[in-house]
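# Structural overview for review
What follows is each chain in one-letter form.
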Amino acid sequence: MLAQAIELLRDRSLPMLIEQEIERVILGGEYAPGDKINEQALALRFGISRGPIREALRSLDRTGLIDTIPNRGVFVRRLTAAQAADIYDVRAALFALAGQCLAIRASEADVERLRSHVAAMDEAVARDDFETYITENFALHEAIVTRAGNATLAAHYLALVKQLRLYRTRNLMLADSVHASNEEHREMVEAIAARDPARAYAAHFNHVATAKTRLMANHLT
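Residues numbered from 1 in each chain as written. Predicted model: local features only at pLDDT ≥ 70, side-chain atom pairs only at ≥ 80, totals over all residues. Heavy atoms only, no water.

Per an unreviewed UniProt entry, the recorded name for the chain is GntR family transcriptional regulator, and the organism is Bosea psychrotolerans.

## Some thoughts on the overall build of the chain
Looking only at helices and strands, one finds nine helices and three strands in the chain. Beginning at the N terminus, the succession of helices and strands in the chain can be written as α-β-α-α-β-β-α-α-α-α-α-α. Counting all 221 residues of the chain, 42% fall into the buried class. Sequence-distant contacts, at least 24 apart, represent 72% of the contacts inside the chain between residues at least 6 apart. (Helix = DSSP H or I, 4+ residues; strand = E, 2+ residues; numbered from the N terminus. Buried < 20%, exposed > 50% of the residue type's maximum accessible area, 1.4 Å probe, protein only. Contact = heavy atoms within 4.5 Å.)

## A look at the layout of surface pockets
Here the largest pocket is characterised by a volume of approximately 190 Å³. Surrounding the largest pocket, F138, H141, E142, Y157, L158, V161, K162 and R165 form its lining. Broken down by secondary-structure element, the contributors of at least two residues to the lining of the largest pocket are α6 (130-146) and α7 (151-168). Class assignment of the residues belonging to the lining of the largest pocket gives a composition of four nonpolar, one polar and three charged. (1 Å grid on protein atoms, 1.4 Å probe; cavity = no way out; pocket = protein on both sides within 12 Å on 5 of 7 lines; lining within 4 Å. Points joined across faces, edges and corners; volume = space filled by probe spheres on them. Nonpolar A, V, L, I, M, F, W, Y, C, P; charged D, E, K, R; others polar.)

## Some points on the side chain of Q163
Mapped onto the elements of the fold, Q163 is located in helix α7. On the basis of relative accessible area, Q163 is assigned to the buried category, the value being 16%. Only 3.0 Å separates the side chain of Q163 from the backbone oxygen of T63, close enough to count as a polar contact. Beyond its immediate stretch of four places on either side in the chain, Q163 contacts T63, G64, L65, R77, L79 and I87. (Polar contact = N/O pair within 3.5 Å; in protein donor to acceptor, adjacent residues only side chain to side chain.)

## Overview of the sheet that holds strand β1 (residues 36-37)
Overall, antiparallel pairing links the three strands, which are arranged β1-β3-β2 in an open sheet. The sheet is open, and its two edges are formed by β1 and β2 (66-69), each paired on a single side. In this structure, β2 lies alongside strand β3 (residues 73-76), joined through four bridges in antiparallel fashion. By the bridge assignment, T68 is partnered in β3 with V74. Relative to β2, helix α3 (residues 50-63) is tilted by about 110 degrees, and along the sheet it contacts β1, β2 and β3. (Pairing = 2+ DSSP bridges. Axes fitted to C-alpha atoms, helices over the stretch in contact; angles between N-to-C directions.)

## Regarding helix α2 (residues 39-46)
Where α2 is concerned, the buried positions are E39, L42 and A43. Buried residues along α2 cover an arc of 100 degrees about the axis, so they all sit on one side. Here α2 starts with a cap whose side-chain oxygen sits 2.9 Å from the backbone nitrogen of Q40, and that cap is N38. Taken from the residues just after α2, G47 is the one with a positive phi, measuring 70 degrees. (Arc of directions from axis to C-beta.)

## Side note on a nonpolar patch on the surface
Judged by side-chain polarity, L97, Y201 and F205 come together as a nonpolar surface patch covering roughly 230 Å² of accessible area. As for its placement among the helices and strands, Y201 is situated in helix α9 (residues 197-220). Among the residues examined, Y201 registers a relative accessible area of 34% and is labelled partly exposed. (Patch = residues over 30% accessible without salt bridge, like charges linked within 9 Å, V, L, I, M, F, W, Y side chains within 5 Å. Areas by Shrake-Rupley, 256 points an atom, 1.4 Å probe, with all protein chains shown as cover. Salt bridge = Lys/Arg side-chain N within 4 Å of Asp/Glu carboxyl O.)

## A few points about the pattern of salt bridges
If you walk through the whole model with that rule in mind, you get 15 salt bridges. As a salt-bridge pair, K212 and D89 come within 2.8 Å of each other at their nearest N and O atoms. Of this pair, K212 sits in helix α9 while D89 sits in helix α4 (residues 81-105), and the two are 123 residues apart along the sequence. The class for K212 is partly exposed, based on a relative accessible area of 23%. One continuous salt-bridge network, built from bridges that share partners, spans E39, R50 and R54.

## Structural notes on the pairing of β3
The pairing of β1 with β3 spans two bridges and is classified as antiparallel. Each residue of the ladder has a partner; that of K36, found in β3, is F75. Two successive antiparallel strands, β2 and β3, enclose a turn made up of three residues, where N71 displays a positive phi of approximately 70 degrees.

Structure follows, in structure tokens:
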């Protein structure tokens, strides 16, 4: 009975683990937008049958990271500028709500954690360490939405961020834009620290709206 239960758990969790690993590979840049994903190659890579691979890919299709095209195969999603702009608009509304909620409920520990991310990004900008900046940037945003007290909001927001990551990372690398972006982060955090929901809402909304403007400008240059 125990052996059967363990095997059942393994069967149910394996596709989830494979999904997480394929997602990590995609977001890490091993696959570029538009690249075809080969099921057999993934099965050989992970040493498993193609069944769990197919199940994991179906789940990733639902998250918007890949596209399944009948009679052609599975491809890493390639966002158009218009699609990215639409996602940014939804993301701005969600992030503004997260900031507003967190301004109401944040603890001192929350505020210190957010300030530490901003400080780490200041240091990263000073030494032109864009890799660390991006890591801290994602960590700050995730901390805000996960501490806002609304799990549905956080889940939708983080799913949108994953869809945008391949599109936006290359546009986040400009020194002027990262400095300006971190000043926006500072205003967001200080609005939360002031326990001012209206100010926090505006700061978070404007941060994403400005990021959208920078993204579109970079796309057109």
